[in-house]
Amino acid sequence: MAFSFALQCHLTNSFDERGHQLNHQIYYVLGFDDAQKTPETFYPTVEMFIGEGGTFTHPAAVYKETAGVTSDTRIDGREAMGAFKFESFTLAAGQSKTFILLMGINDKTENIQAVANKYKNLATVDKTLEETKDYWQEKVGVDFKTGDSDFDSYMKWVCFQPFLRRLFGCSFLPHHDYGRGGRGWRDLWQDCLSLLLMEPKTVGDMIVNNYKGVRLDGTNATIIGDGDGNFLADRNGITRVWMDHALWPLMTTKLYIDQTGDIDILTKEVSYFKDPHVKRGTEIDQDWNDAYGNQQRTADDAIYTGSILEHLLIQHLTGFYEVGKHNIYRLRGADWNDALDMADENGESVAFTAAYSGNLMDLANLIRLLESQTNTDSIEILEEIGLLLKKDSDIYDNIERKHQILEAYTNQCRHNVKGRKIRISLSELALNLIQKAAWLRQHLQKQEWLDFNDQEGCYNSYYDNSSKPTDGFYNDRMHMMLTGQVFPIMNYVATDEQIRKITASADHYLYRPEIGGYRLNTDFKEIKTDLGRMFGFAYGEKENGAVFSHMTVMYANALYRRGFAKEGWKALKTLSDTALNFETSRIYPGIPEYFRADGRGVYHYLTGAASWYMLTMVTEAFGVHGKAGDLILYPKLLAEQFDEKGRASITTQFADKTFQIHYDNPNQKDFGKYIIKKATCDNKEIDVTDDAFAFITKSDLAKLSDDVHEIVITLD
């Protein structure tokens with residue numbers, strides 16, 4: 001069907017990551033002027049538009065006024081172009097003329113006609129444009145007001161960026177050189193972080209469905225299907241296992257419980273993912289086939305389900321036993337740093353061992369919360385998990401015994417499980433996890449801390465495939481990786497004195513403010529084929545020493561958590577300063593995946609750093625966070641973050657209510673120097689504890705109306 005106002009492109013096949021497929025979509029461009037007149041002539045191919053020797057900036061259709069074609073023209077086999085020309089007109093001084101251009105994709109021509117009928121009217125277009133602007137403005141329900149208006153505007157874009165990341169996925173943008181346009185396992189969970197602060201209502205169901213991607217061996221699906229809770233089988237040989245993947249679900253679930261108080265989510269039951277990969281990705285289940293499906297079954301062919309708590313236990317207990325020669329969690333195919341991908345046999349991740357020690361402690365605390373708030377003293381878990389709950393702490397030092405326990409468990413979960421459950425005391429379960437977490441912390445402190453001198457030191461980050469540590473002074477140079485410092489700080493492995501030494505070392509060896517701040521690592525001056533492809537990149541590019549925004553933001557988050565607000569703000573502020581310096585970063589407002597060696601920001605939407613930046617500013621710097629559903633206000637703002645009147649403000653959501661929160665600091669004191677003198681909500685005093693925390697209980701929050709509520713915290 002030909003339209004007098006449209007160019008249509010009908011592709012025969014589509015070629016993308018799905019392979020070669022028949023195309024059923026019509027790509028179209030529509031045009032009208034402000035009097036609803038249609039184009040005079042069309043240029044449906046590139047060569048017709050630019051002409052011989054022309055370019056897109058100097059096309060022959062414009063500069064030589066070459067002839068176009070009529071709307072009923074059909075052309076096959078040429079590169080499509082959506083260009084057309086309207087009839088000539090003359091404008092007097094001060095006059096203007098408006099044109100309506102509409103681009104879209106549809107599979108039916110009659111739908112294209114409906115679009116034209118609706119939007120050829122300029123008043124309708126203007127109205128719809130305003131509605132679209134309002135829609136996206138309302139998407140970002142977080143607003144900051146500090147002493148730096150540029151930073152406040154920047155945060156609008158950072159808070160909007162997680163939406164863009166979900167829309168665009170991980171590829172198909174100009175400087176993305178890999179990816180399939182979809183989401184990975186980490187993305188599922190980190191996208192939930194920002195949603196919890198902006199659109200929390202739907203996050204609970206998303207979290208529950210995401211757990212359907214967990215396998216009974218503690219690993220997870222890596223191919224994400226459409227919709228929530230839809231995971232696809234990986235049939236490509238032995239699967240790659242990222243050893244950090246079990247970390248993110250608990251971190252997100254804990255934030256959800258803190259923000260909402262919904263501890264019952266731990267008792268909800270979902271299925272487990274099943275495909276041919278078993279024994280933590282080391283073997284293939286030859287008995288599995290497509291007919292079996294992607295849900296774990298029992299010996300009697302029933303789909304097995306377990307609680308969210310059971311899923312979390314399996315993820316964290318299996319990892320505890322999968323250790324290398326130094327009794328550190330094995331690196332496997334990689335961790336957060338995808339480019340540490342060449343140490344599958346002997347590599348170990350000290351950084352994420354520290355992270356898991358914190359997760360084990362957090363999981364124990366959630367179990368205790370479940371016990372106290374639900375009057376439940378026990379829970380049913382899969383019988384086979386009992387193998388992983390050994391109480392004998394002597395096992396923790398015995399690497400061979402750990403391997404035997406993991407082998408026994410994964411053998412029992414190889415194809416089907418019996419499906420029998422045992423009941424275990426929640427207090428006993430929590431104690432078991434606390435013992436494991438405590439042992440990990442002590443082991444890391446004793447074995448992995450490196451003192452450089454009286455002022456500097458750091459934690460070792462990894463062991464390579466030659467079983468050698470990555471950090472420290474050797475080969476006539478200092479080696480330091482930021483990742484190995486972030487998680488010991490964040491998870492209370494590092495002592496306060498060690499944190500002071502870490503920050504001094506990071507400032508000395510990693511900090512380059514002119515290119516964004518803290519580099520991911522020092523220059524190793526070697527191509528380490530016994531650790532990962534990152535060392536094949538030029539230093540300062542990608543994972544080899546670029547300023548990786550995500551890890552820098554997590555470094556800031558960790559420092560804030562431990563009370564080092566000045567150091568945390570330094571990391572965040574340097575990132576924002578560099579991003580806002582267009583002459584250096586060359587990017588639109590927002591946070592890129594990394595700043596390369598010359599300070600240019602690249603991979604703009606790929607990163608989870610935006611969610612973490614937003615999370616850190618809301619929950620740490622402004623101190624607006626939840627604790628089992630109670631609203632806690634514990635600011636860690638520095639004097640420079642308040643405006644000239646001594647006020648810093650945030651608008652955000654909590655418990656389905658909107659709050660405008662003002663911190664008044666008339667004496668312009670830094671964090672650590674002020675106390676909370678007074679706190680009010682809608683001019684009514686609210687409780688303050690230890691002169692540091694103001695809070696509103698979950699029950700009191702439920703009594704508040706749906707109006708915007710104003711909280712004023714006076715600091716002294």
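What counts and how
- Residues numbered from 1 in each chain as written.
- Predicted model: local features only at pLDDT ≥ 70, side-chain atom pairs only at ≥ 80, totals over all residues.
- Heavy atoms only, no water.
- Patch = residues over 30% accessible without salt bridge, like charges linked within 9 Å, V, L, I, M, F, W, Y side chains within 5 Å.
- Areas by Shrake-Rupley, 256 points an atom, 1.4 Å probe, with all protein chains shown as cover.
- Salt bridge = Lys/Arg side-chain N within 4 Å of Asp/Glu carboxyl O.
- Helix = DSSP H or I, 4+ residues; strand = E, 2+ residues; numbered from the N terminus.
- UniProt positions renumbered as here; feature names shortened; annotations may be inferred.
- Domains from an automatic or database assignment.
- Buried area = accessible area lost by both parts, 1.4 Å probe.
- Polar contact = N/O pair within 3.5 Å; in protein donor to acceptor, adjacent residues only side chain to side chain.
- Pairing = 2+ DSSP bridges.
- Axes fitted to C-alpha atoms, helices over the stretch in contact; angles between N-to-C directions.
- Buried < 20%, exposed > 50% of the residue type's maximum accessible area, 1.4 Å probe, protein only.
- Parallel < 35°, antiparallel > 145°, perpendicular 65-115°, else oblique.
- Left-handed = near helix turned anticlockwise from the far one by under 90°.
- Contact = heavy atoms within 4.5 Å.
- Nonpolar A, V, L, I, M, F, W, Y, C, P; charged D, E, K, R; others polar.

Caption draft 1: Region of the structure containing a nonpolar patch on the surface. Residues Tyr 135, Trp 136, Leu 167 and Phe 168 make up a contiguous nonpolar surface patch of about 400 Å² in total accessible area. Those elements that place two or more of their residues in the nonpolar patch are α4 (122–139) and α5 (149–168). Mapped onto the fold, Trp 136 is located in helix α4.

Caption draft 2: How the structure looks around the UniProt feature "domain: Glycosyl hydrolase 94 catalytic" (unreviewed entry) in the protein chain. With numbering aligned to this structure, UniProt lists the feature "domain: Glycosyl hydrolase 94 catalytic" (unreviewed entry) at residues 135–274 and 437–619. With 43% helix and 13% strand, residues 437–619 has end C-alpha atoms that lie 25 Å from one another.

Caption draft 3: Summary view of the domain arrangement of the protein chain. With domains assigned, the protein chain is organised as domain 1 (6–139), domain 2 (189–221 + 239–450), domain 3 (454–611) and domain 4 (622–715). Relative to domain 3, the C-alpha centre of domain 2 lies at a distance of 27 Å. Taking both sides of the interface into account, the surface hidden between domain 2 and domain 3 amounts to around 3200 Å²; carbon and sulfur atoms contribute 61%. Broken down residue by residue, the surface that domain 2 buries against domain 3 is led by Trp 336, Met 342 and Trp 449, which jointly contribute 23%. Viewed at the interface, domain 3 and domain 2 are joined by one salt bridge. Across the salt bridge formed by Asp 341 and Arg 533, the nearest N and O atoms sit 2.6 Å from each other. If you look at where domain 2 meets domain 3, you find 20 residue pairs in polar contact (both at pLDDT 80 or more). At the level of secondary structure, the elements contributing two or more residues to the side of domain 2 that touches domain 3 comprise α6 (185–198), α8 (247–260), β15 (348–349), α10 (350–374), α12 (426–448) and β18 (449–451). Take the side of domain 2 that touches domain 3: its biggest share by element is eight residues, from α10.

Caption draft 4: Representation of the sheet that holds strand β28 (residues 624–627) in the model. Pairing within the open sheet is antiparallel, and its four strands lie in the order β28-β29-β35-β34. Strands at the two margins of the open sheet, each flanked by one partner only, are β28 and β34 (687–689). Across the sheet, the mean angle from the axis of one strand to that of its neighbour is 35°, orientation sign disregarded. Of the pairings in the sheet, the one linking β28 to strand β29 (residues 630–633) comprises four bridges and is antiparallel in character. By the bridge assignment for β29, Lys 627 is matched with Asp 630.

Caption draft 5: Summary view of the sheet that holds strand β36 (residues 709–715). The six strands are arranged β8-β30-β31-β36-β32-β33 in an open sheet whose pairing can be described as mixed. Edge positions in the sheet fall to β8 (143–145) and β33 (684–685), since each of these pairs with one other strand and no more. Direction of pairing for strand β31 (residues 657–664) relative to β36: parallel, over a ladder of six bridges. From the neighbouring strand, His 662 faces β36, where its bridge partner is Val 712.

Caption draft 6: Representation of the pattern of salt bridges in the model. Under the counting rule described, the total for this entry stands at 43 salt bridges. Asp 258 is the salt-bridge partner of Lys 254, the closest N and O atoms lying 2.9 Å from each other. With Lys 254 and Asp 258 both in helix α8 and four residues apart, the pair spans about one turn of that helix. Taking relative accessible area as the criterion, Lys 254 reaches 22% and is therefore assigned partly exposed. Taking relative accessible area as the criterion, Asp 258 reaches 10% and is therefore assigned buried. Shared partners join several salt bridges into a network, and the residues in it are Arg 280, Glu 322, Arg 330, Arg 332 and Asp 344.

Caption draft 7: A look at the UniProt feature "domain: Glycosyl hydrolase 94 supersandwich" (unreviewed entry) in the protein chain. Mapped onto the present numbering, the UniProt feature "domain: Glycosyl hydrolase 94 supersandwich" (unreviewed entry) falls on residues 47–121. Helix makes up 25% of residues 47–121 and strand makes up 19%, while its end C-alpha atoms are separated by 32 Å.

Caption draft 8: Spotlight on the packing of α6 against α8. Between α6 and α8, the least distance of the axes is 9 Å, while the angle of their chain directions is 15°. On the basis of the axis angle, α6 is roughly parallel to α8. Here α6 and α8 pass one another in a crossing that is left-handed. Mapping the contact onto sequence places Trp 185, Arg 186, Trp 189, Gln 190, Cys 192, Leu 193, Leu 196 and Leu 197 in α6 and Trp 248, Pro 249, Thr 252, Thr 253, Leu 255, Tyr 256 and Gln 259 in α8. A breakdown of the residues in the contact of α6 with α8 according to their chemical character gives ten nonpolar, four polar and one charged.

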